[in-house]
Amino acid sequence: MEPLNTFEILIRVLYQFTPVWIALALVFAFSVVFKRRMGLYGKLFDSPIGMIGFALVMFWVFTGIFAQMDLIVTHDPLAQISGMKNKVPGTPLRGAGPEDYGWYLLGGDNLARDVFSRMVKGAWEVIKIAPVATLFAFMVGITLGLPAGYYGGKLDTLLSFLANLILAFPVILLFYLLVTPEIVNTGVPNYMAAVLFIFPIIFLAVLLNSRYHTRPRLRLPLLVGVLGLAFWIYLSLISENGLLIDTPSTRIPGLPKTLDLFDIPGGILVVFVSVVFVNSPTVFRIVRGLAMDIKTRDYVAAAQTRGEGPWYIMLWEILPNARGPLIVDFCLRIGYTTILLGTLGFFGLGLPPESPDWGSTINEGRKLLSIYLHPALAPALSLLSLVLGLNLLADGLREESLKD
Amino acid sequence: MGLFILRRAGVMILTALCLTFIVFFLTNLYPNLEKLAKTQGNFRMSDEAVASWLDRNGYGGPMLLRYGEWLGAAPGWTRETEDGITGRCLDGAVSAETAATAPRFCGILQGDWGRSTVFKEDVSTIIGTRLGLTGKLMFWVLVLMVPSALIVGVLAGMREGSWLDRGLSTFSIVTTATPEYVSGVIFIAVFTSSTVGLKWFKGTATSAMKDASFENFFLPVLTIALYGMGYIARMTRASMTEVMTAQYIRTARLKGVAFHNIVLKHALRNALIAPFTVIMLQFPWLLNGVVIVETLFNYKGFGWTLVQAAGNNDIELLLAVSVVSVVVVLVTQLISDIGYVYLNPRIRIS
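Quick caveat, the model's predicted, so the values are computed rather than measured. (Residues numbered from 1 in each chain as written. Chains lettered and ligands numbered in written order. Predicted model: local features only at pLDDT ≥ 70, side-chain atom pairs only at ≥ 80, totals over all residues. Heavy atoms only, no water.)

## Observations concerning the overall build of chain B
Moving on, step 1. The number of helices and strands found in chain B is 15 helices and 2 strands.
Moving on, step 2. Taken over C-alpha atoms, the radius of gyration comes to 26 Å for chain B, far larger than the 20 Å a tight globule of 350 residues would show.
Moving on, step 3. Summarising its shape, the C-alpha atoms of chain B cover approximately 90 × 65 × 30 Å along the three principal directions.
Moving on, step 4. Burial status across chain B gives 50% buried among its 350 residues.
Moving on, step 5. For chain B, the share of sequence-separated contacts (at least 6 apart) that also reach a separation of at least 24 residues comes to 66%.
Moving on, step 6. Side-chain charges in chain B split into 29 positive and 23 negative, and the spacing between the mean points of these groups amounts to 17 Å. (Helix = DSSP H or I, 4+ residues; strand = E, 2+ residues; numbered from the N terminus. Rg over C-alpha atoms; globule rule 2.2 N^0.38 Å. Buried < 20%, exposed > 50% of the residue type's maximum accessible area, 1.4 Å probe, protein only. Contact = heavy atoms within 4.5 Å. Lys, Arg positive; Asp, Glu negative; His and termini not counted. Charge placed at Lys NZ, Arg CZ, Asp CG, Glu CD.)

## What to know about the interface of chain A and chain B
Interface size is often expressed as the accessible area that is lost when the parts come together.
Moving on, step 1. In this complex, chain A contributes 39 residues to the contact, which on the side of chain B involves 48 residues.
Moving on, step 2. Interface of chain A and chain B: buried area, both sides summed, is about 3,900 Å²; carbon and sulfur atoms make up 78% of it.
Moving on, step 3. One can count 1 salt bridge joining chain A with chain B.
Moving on, step 4. The residue Asp395(A) makes a salt bridge to Arg234(B) at a minimum N-O spacing of 2.8 Å.
Moving on, step 5. On the surface where chain A and chain B come into contact, there are 4 residue pairs in polar contact (both at pLDDT 80 or more).
Moving on, step 6. Secondary structure elements with two or more residues in the side of chain A that touches chain B: helix H6 (153-167), helix H7 (171-179), helix H8 (181-186), helix H15 (323-346) and helix H17 (374-403) of chain A.
Moving on, step 7. At 12 residues, the largest contribution of residues to the side of chain A that touches chain B is made by H17(A).
Moving on, step 8. When grouped by side-chain class, the residues that make up the side of chain A that touches chain B number 29 nonpolar, 6 polar and 4 charged. (Buried area = accessible area lost by both parts, 1.4 Å probe. Salt bridge = Lys/Arg side-chain N within 4 Å of Asp/Glu carboxyl O. Polar contact = N/O pair within 3.5 Å; in protein donor to acceptor, adjacent residues only side chain to side chain. Nonpolar A, V, L, I, M, F, W, Y, C, P; charged D, E, K, R; others polar.)

## Some thoughts on the packing of aromatic side chains
Residues and elements named next belong to chain A.
Moving on, step 1. Applying the stated criterion to the full structure yields 35 aromatic pairs over all chains.
Moving on, step 2. Taken together, a centroid distance of 5.8 Å and an interplanar angle of 55° make the contact between Phe-28 and Phe-54 tilted. A residue pair is termed long-range when its members are at least 10 positions apart, and Phe-28 in helix H2 (residues 18-33) and Phe-54 in helix H4 (residues 48-68) qualify at 26 residues.
Moving on, step 3. Under the relative-accessibility criterion, Phe-28 is labelled buried at 18%.
Moving on, step 4. Residue class for Phe-54 comes out buried when judged on its relative accessible area of 9%.
Moving on, step 5. Stacked on the ring of Trp-316, the Lys or Arg Arg-211 has its end atom at 4.6 Å from the ring centre. (Phe/Tyr/Trp six-rings, centres within 6.5 Å; stacked < 30°, edge-to-face > 60°. Lys NZ or Arg CZ within 6 Å of the ring centre and 35° of its normal.)

## Let's talk about the packing of helix H9 (residues 188-196) of chain A against helix H10 (residues 198-212) of chain A
Residues and elements named next belong to chain A.
Moving on, step 1. With their axes 4 Å apart at the nearest point, H9 and H10 run at an angle of 10° to one another. With respect to H10, the element H9 is oriented roughly parallel. Contacts between H9 and H10 involve Ala-194, Val-195 and Leu-196 from the former and Ile-198, Phe-199 and Pro-200 from the latter. (Axes fitted to C-alpha atoms, helices over the stretch in contact; angles between N-to-C directions. Parallel < 35°, antiparallel > 145°, perpendicular 65-115°, else oblique.)

## Side note on the side chain of Asn190(A)
Moving on, step 1. Take Asn190(A): it is sitting in helix H9.
Moving on, step 2. When residues no more than four places from it in sequence are discounted, the contact partners of Asn190(A) are Leu244(A), Ile245(A) and Leu269(A).

## Quick notes on the pattern of salt bridges
Moving on, step 1. What the rule picks out here adds up to 17 salt bridges over all chains.
Moving on, step 2. With a shortest N-O distance of 2.9 Å, Glu364(A) and Arg113(A) are connected by a salt bridge. Of this pair, Glu364(A) sits in helix H16 (residues 358-365) while Arg113(A) is found in the loop between strand S2 (103-104) and helix H5 (115-151), placing the two residues 251 residues apart along the sequence. Here Glu364(A) and Arg113(A) have matching classes, each one buried.
Moving on, step 3. Ionic pairing is found between Arg237(B) and Asp165(B), a salt bridge with its closest N-O pair at 2.7 Å. Of this pair, Arg237(B) sits in helix H9 (residues 214-244) while Asp165(B) sits in helix H7 (residues 163-176), placing them 72 residues apart in sequence.
Moving on, step 4. One connected set of salt bridges, linked through shared partners, spans Asp109(A), Arg113(A), Arg118(A) and Glu364(A).

## So, helix H1 (residues 6-16) of chain A
Residue and element names in this part refer to chain A.
Moving on, step 1. Ile-9, Val-13 and Gln-16 are the residues of H1 that are buried. Taken around the axis of H1, the buried residues stretch over an arc of 60°, which confines them to a single face. With respect to the buried face of H1, the exposed residues turned more than 90 degrees away are Phe-7, Leu-10 and Tyr-15.
Moving on, step 2. Looking at the packing, one finds that the buried side of H1 touches H2 and H5. (Arc of directions from axis to C-beta.)

## Structural notes on unusual backbone geometry
Of all residues except glycine, most have a negative phi; of all peptide bonds, most are trans.
Moving on, step 1. Positive phi outside glycine occurs at Lys120(B), with the angle close to 50°.
Moving on, step 2. Accessibility expressed as a relative area gives 55% for Lys120(B), which makes it exposed.

## Comments concerning the domain arrangement of chain B
All names here are of chain B.
Moving on, step 1. Each assigned domain of chain B is listed here: domain 1 (2-110) and domain 2 (123-343).
Moving on, step 2. The centre of domain 1, based on its C-alpha atoms, is set 37 Å off from the matching centre of domain 2.
Moving on, step 3. Every contact between the two is made by 20 residues of domain 1 and, on the other side, 14 residues of domain 2.
Moving on, step 4. Counting the surface lost from both domain 1 and domain 2, the interface buries some 1,500 Å², and carbon and sulfur atoms represent 75% of this.
Moving on, step 5. At the junction of domain 1 and domain 2, the tally comes to 0 salt bridges.
Moving on, step 6. Linking domain 1 with domain 2 are 1 residue pair in polar contact (both at pLDDT 80 or more).
Moving on, step 7. Those elements giving two or more residues to the side of domain 1 that touches domain 2 turn out to be helix H1 (2-27) and helix H2 (30-40). (Domains from an automatic or database assignment.)

## A word on the pairing of strand S1 (residues 78-81) of chain B
Residue and element names in this part refer to chain B.
Moving on, step 1. When S1 meets strand S2 (residues 84-87), the two strands line up antiparallel, connected through 4 bridges. Following the sheet pairing, Thr-81 is matched in S2 by Gly-84.
Moving on, step 2. Counted between consecutive antiparallel strands, the loop separating S1 from S2 contains 2 residues. (Pairing = 2+ DSSP bridges.)

## Quick word on the nonpolar core
Moving on, step 1. Membership of the largest hydrophobic core comes to 184 residues, with the highest contact counts inside it found for Phe17(A), Phe197(A) and Phe347(A).
Moving on, step 2. Formed jointly, this core draws a minimum of three residues from each of two domains, domain 1 (2-110) and domain 2 (123-343) of chain B. (Core = buried A, V, L, I, M, F, W, Y, C linked by side-chain atoms within 4.5 Å.)

## Overview of the environment of Ala189(B)
All names here are of chain B.
Moving on, step 1. Here Ala-189 shows up in helix H8 (residues 180-192).
Moving on, step 2. Ala-189 gets classed as buried once you look at its relative accessible area, which sits at 1%.
Moving on, step 3. Taking the C-alpha atoms as reference, Ala-189 lies 38 Å from Ala-271; in sequence the two are 82 residues apart.

## Considerations on the UniProt feature "transmembrane region" (unreviewed entry) in chain B
Residues and elements named next belong to chain B.
Moving on, step 1. The positions that UniProt labels "transmembrane region" (unreviewed entry) are, in the present scheme, residues 12-30, 137-156, 168-191, 217-234, 272-297 and 317-343.
Moving on, step 2. As annotated, residues 217-234 has a helix share of 100% and a strand share of 0%, and its two end C-alpha atoms lie 27 Å apart.
Moving on, step 3. Summarising residues 317-343: 100% helix, 0% strand, and an end-to-end C-alpha distance of 38 Å. (UniProt positions renumbered as here; feature names shortened; annotations may be inferred.)

Below you can see the structure in the form of structure tokens.
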């Protein structure tokens, strides 16, 4: 077969993304038609910047999901095919069978793997970690930031001091300290996971209890059901092989294997924990500032006069009124988390070396950068476009939420 | 004001103590020490041999005591061996008389930073030279970043909603979305690669350590500056648009003052208060950028040292690196607070 020229590569790459285009077109058609009924999300489709951002973000979300279903990828991202080392984009596959895709669309990397498939698979690595990690960071930040801002005083001083402590740490140093194999062996990340992941449960418990404590008949079954489920997920999240902590010196039993819903690979858990840990102090500061501002409003005073409890006021009066800035920051923070994940990959920390995530791929590609551009350039541009999309989306949301 | 600075300094020292203890704790966990013993001794050591090596070299005591020794707040350890007395403050095995005359305290407070196991050199000399190199990099980054960010921000915020504003705002969003390892890779690919043909700059900055030239130093500087620039520019723009809608600017316009005079003489000073704090608070981020860029361009400065120390389990060096970076971050925070009060006459701390 002949090598492809630039135009043919472009056409074929675009064609490979067909499922993504269809999904994007459906989402956009549906959203534009019903945009008046969908609140802030619908208003996003009034701002061109927001729409571009949303399109970029959804492109990578769909790419990640479809790649996981093996739709877009042309080759196995880990397979090394001899003779394809560092080949330029559009090189035909040597010795391709009838069922193989005939070309390396974006060339091969220094281990003769397909750059295009790795780039597409890398999207899933980001999509599966970044939003959830950001959500956890928000849970931690909100659960601690609301009381700090609302009560103030000693609690605020203490929590702010702790937050500033983490913020004064250079992020890369923290990663190097947390993610090295020696530290992972001591179980420090597992302890941190056990502490950090309990915050969503506390958040849920307080949220439901403060709302329904006046209706004990509804509250009890609701709390037992929701918290039981949350606790089960929590235990499955942090326990592996029936153990919470598994180090040579200490072993703490956790959930029995039969009840364990899913296992998070050790490397991913460590990465997840460190990203949540780095992000939550900033969220804490934002929530604390918002709570301090909003607690002086009239509707908070009205709730206090009605005799509502402090947690009701924090979670059902202050938090809903702080949602605008928090949603905007959520988008920005997913972008920042994506950058952090890339940084971890770039320094080869945490994720397994053959992992197709963009940071690791950039790190591998940069070694031969002055001769072969394509292995590093493809993931670099992907990461850039995803983070850019998130920033534009946040900008659009900010603009639209300021209008009311 | 004096009390304010004093209290801030107190909190700062407490923060520094906590942070260095955390770093000390994490770097001195048993697996790290075991690895150290095996790399210094030999790799086939048994567990008992590791334990006795650690004890002989002063890694045996409780964590808090060792932290005190390292800090210089507790007397350094001594052991009696058949060759004489060894200790933290002693150089090799010495006789009892020499040991008696040696100083009892030797930690970082006394200026004794220990010895690097990777570079086989005193940590203080390594940190000194590396910081100098990174200082050079940072200086040029600031020279490039601050003026261009302020100019971009002021130009964009001068007429809100104009095409100039849209263009410059998009530019700053793009730069904040481009982490150093992405922009660095793109720059190297476009400007240094032999495949594209634009060989304007050099892909490594190793030669820039001795004599920096535009050719070998511009790309690393640009890479760091670009990521920080977008954020400062957006802050400047926000603060500029706010100032431009203020009453006194409208008054000046109604009086018929020329537009460039309004911007330069009336708006600029007030618009630059907020970005000043932002610039100072960018330092922790710049530190990250420095680590990435120095690794990417192989410029052997402070960030590169951090990566080497952390990657090779060089405990003393890593501790020193973290002390320096934590102090840099805290001092810039303090300066930003004081500077904000000083620049903004509306805030008074009594």
